[in-house]
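Structural description and commentary
Next come the chains, spelled out residue by residue.
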Amino acid sequence: MEDFRDFITEKKEDKSYRLVILSHDDPLDPNETAPMVRKKAEELGLEVFLAELMGCYLEDDGNNKLLYSYPVDKNGKPELPDMKHPVKYSKPFTMNPDDTLIMIRGLNARNGCASWWTMARNLESFGFKIINSVKCNEICNDKWYNQIIFQRYDVRTPATVLIRHSEGALDAAEKLDNKYPMILKTSIGSQGVGVMWVESPKALVGIVQLLYRESPYVDILLQEHIKTEYDVRVIVVGGEILGAMKRPIIEGDFRSNVSQGSEPEVFKLTELEKEESLRAAEVVDGDIVGVDFIPSSDRNKDHPYFIEVNSTPGLVGIEAVLSQAGSKAIVKDKKEKGISITTEILKKYMNRDLWK
Ligand SMILES: Nc1ncnc2c1ncn2[C@@H]1O[C@H](COP(=O)(O)OP(=O)(O)O)[C@@H](O)[C@H]1O
Ligand SMILES: [Mg+2]
């Protein structure tokens, strides 16, 4: 009897939905994930609208919100107006918070318009479920803020200090016991750019002065270097781990970003790594996030070192890694080949409990 009731509840909760993907095709970071998500959502039978944040706006028809965007082609390229071609919008998408989920992939601190954030805040105030939330984007876009949140919730990280002035470099290094090499990062940055290897006080002072000259209000983090051969990217979705991959350090480098050339492989997490990755996603208010850590030397006993959480994780890499891995793939412990993590992510949101 109880089983039967569970079955009914599950059926009631599993509802199809309409999906809006708000993203931006940045010439330096072409939009690959959003068109892939659109394709997988269409295959699942969802009604999807891929919108370009540049030029995008909302109207209200009294019942619903209407979302206007420049047309976006199947590769994710928007058709932007230019001096010779007038503004052309595609048919607006009608949406309301009860049936429309909004995935936003374009809020970052390095580029983008402040008004995109305002639109996201506005959509939240209308009651829309935005993935990831504005709060999550705020935390994850700023490595120092992310660090502070980790510290607040006792999520283990490498020892980290903020350099607080152009002449504050050596003072900060002192707080890390002057143990070189150290890792220096600008608080805003991604794809490994802005993350530097510092071997000596002389190099440190020079880099810090230069960064301040180029940008007088820059925030710079100085961090203990954790020796490792790889780091780990965990995809956490709605409080569940849907996949993990190991990213080997690039030859001749210390970084492991896929955008810098690392070739990821499927990775099996320990129970402790799973627990802590879920916690790292939760403390930053993440719905669909990429959690990055460097493993500890005793992976079953000691907590990993969390590096950051990404609020706009690329999914193309992990999609390929997991679908090729077949029986080793850990997606929901399914063993079959050809599994699509993107499809699994989209399916999860059929459960409206995750919209709260
Ligand atoms: N404290 C550290 N010790 C060792 N390697 C690190 C450390 N911090 C970062 N890295 C390496 O540099 C990469 C990029 O750093 P990260 O802070 O994630 O910046 P980004 O946002 O640019 O990816 C990481 O994926 C990791 O390989
Ligand atoms: Mg990173």
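All residue numbers here refer to positions counted from 1 along the written sequence of the relevant chain. The order in which chains are written sets their letters, starting at A; the order in which ligands are written sets their numbers, starting at 1. Only residues with pLDDT of at least 70 are given local features in this predicted model, and only at 80 or more are side-chain atom pairs given and counted; all residues enter the totals for whole chains, interfaces and linings.

This part takes up the sheet that holds strand 3 (residues 57-60). Backbone-to-backbone hydrogen bonds join strands into a sheet, with any given pair of strands oriented parallel or antiparallel. One requirement defines pairing of two strands: DSSP has to find at least two bridges between them. Put simply, DSSP H or I for four residues or longer makes a helix, DSSP E for two residues or longer makes a strand, and each gets a number counted from the N terminus. Taken in spatial order, the 3 strands of this open sheet run 3-4-5, and their pairing is antiparallel. Every other strand in the sheet has two partners, leaving strand 3 and strand 5 (93-95) as the edge strands with one partner each. On average, each strand axis in the sheet is tilted by 30° relative to the strand beside it, whichever way the strands run. The sheet contact formed by strand 3 and strand 4 (residues 65-68) spans 4 bridges and is antiparallel. Across the sheet, residue Glu59 finds its bridge partner in strand 4, namely Leu66. Between N-to-C directions, angles span 0 to 180 degrees; the directions come from axes that are lines fitted to C-alpha atoms, helices contributing only their stretch in contact.

Tracing the backbone shows Ser187 in the loop between strand 9 (182-186) and strand 10 (195-198). The burial label depends on the number of other C-beta atoms within 10 Å of a residue's C-beta. Counts of 20 or more mean buried, 12 or fewer mean exposed, and intermediate counts mean partly exposed, with C-beta atoms placed from the backbone. C-beta crowding within 10 Å serves as the criterion here: with 19 such atoms nearby, Ser187 is assigned to the partly exposed category. Apart from the residues within four sequence positions on either side, Ser187 is in contact with Asp142, Lys143, Trp144, Asp219, Ile220 and Leu221. Working definition of a contact: two residues with C-beta atoms, positioned from the backbone, lying within 7 Å.

Relative to the assigned elements, Leu315 resides in the loop between strand 16 (305-310) and helix 9 (316-325). In sequence terms Leu315 and Gly290 are 25 residues apart; their C-alpha atoms lie 9.2 Å from each other. Beyond its immediate stretch of four places on either side in the chain, Leu315 contacts Thr33, Met36, Val37, Ile341 and Thr342.

What follows is about the packing of helix 2 (residues 33-43) against helix 10 (residues 341-348). With their axes 9 Å apart at the nearest point, helix 2 and helix 10 run at an angle of 65° to one another. When the axes of helix 2 and helix 10 are compared, the pair comes out roughly perpendicular. Crossing hand, helix 2 versus helix 10: right-handed. Contact with helix 2, carried on its side by Met36, Val37, Lys40 and Ala41, involves Thr342, Thr343 and Leu346 of helix 10 and no other residues of that element. Broken down by class, the residue content of the contact of helix 2 with helix 10 amounts to 4 nonpolar, 2 polar and 1 charged. Working definition: roughly parallel below 35 degrees, roughly antiparallel above 145 degrees, roughly perpendicular at 65 to 115 degrees, and oblique for all remaining angles. In a left-handed crossing the near helix is turned counterclockwise from the far helix by less than a right angle, and in a right-handed crossing that turn is clockwise. Basically, the charged four are Asp, Glu, Lys and Arg, the nonpolar ten are Ala, Val, Leu, Ile, Met, Phe, Trp, Tyr, Cys and Pro, and anything else, Gly included, counts as polar.

Okay, unusual backbone geometry next. Across the junction of Ile131 and Asn132, the peptide omega takes the value -5°, indicating a cis bond. Along the polypeptide, Asn132 turns up in the loop between strand 7 (129-131) and helix 4 (134-140). The step from Tyr180 to Pro181 runs through a cis peptide bond, and the omega angle for that step is 0°. Counting through the fold element by element, Pro181 comes out in the loop between helix 6 (169-175) and strand 9. The phi dihedral of Gln191 is positive, around 60°, even though this residue is not glycine. Positionally, Gln191 belongs in the loop between strand 9 and strand 10. Residue class for Gln191 comes out partly exposed when judged on the 15 C-beta atoms lying within 10 Å of it.

Counting 63 residues, the largest nonpolar core has Val20, Ile21, Ala51, Ile102 and Met103 as its most contacted members. Counting residues per element, this core draws most heavily on strand 12 (residues 230-237), which supplies 5 residues. Bear in mind that the domain bounds are from an automatic or database domain assignment. For this core, the two domains that each supply at least three residues are domain 1 (10-132) and domain 3 (230-344). The contact partners of Met103, leaving out residues within four places of it in the chain, are Leu19, Val20, Ile21, Val37 and Ile131. Take the buried Ala, Val, Leu, Ile, Met, Phe, Trp, Tyr and Cys residues, join any whose C-beta atoms are within 7 Å, and the set you get is a nonpolar core.

The next point concerns the domain arrangement of the chain. How big an interface is tends to be reported as the loss of accessible area on association of its parts. Domains assigned within the chain are domain 1 (10-132), domain 2 (159-224) and domain 3 (230-344). Computed from C-alpha atoms alone, the centre-to-centre distance between domain 2 and domain 3 is 27 Å. Contact residues are listed per partner, giving 4 residues for domain 2 and 5 residues for domain 3. By residue class, the composition of the side of domain 2 that touches domain 3 is 2 nonpolar, 2 polar and no charged.

Whether a residue is near a molecule or strand depends on its C-beta atom, generated from backbone atoms, being within 6 Å of that molecule or strand. Around ligand 1 sit 21 residues in total, of which Pro158, Gln223, Ile226, Arg255 and Ser256 are the nearest. Only strand 9, strand 11 (220-224), strand 15 (288-294) and strand 16 provide two or more residues apiece to the shell around ligand 1. Of the residues belonging to the shell around ligand 1, the class tally is 7 nonpolar, 8 polar and 6 charged. There are two domains that each give the shell around ligand 1 at least three residues, and those are domain 2 (159-224) and domain 3 (230-344).

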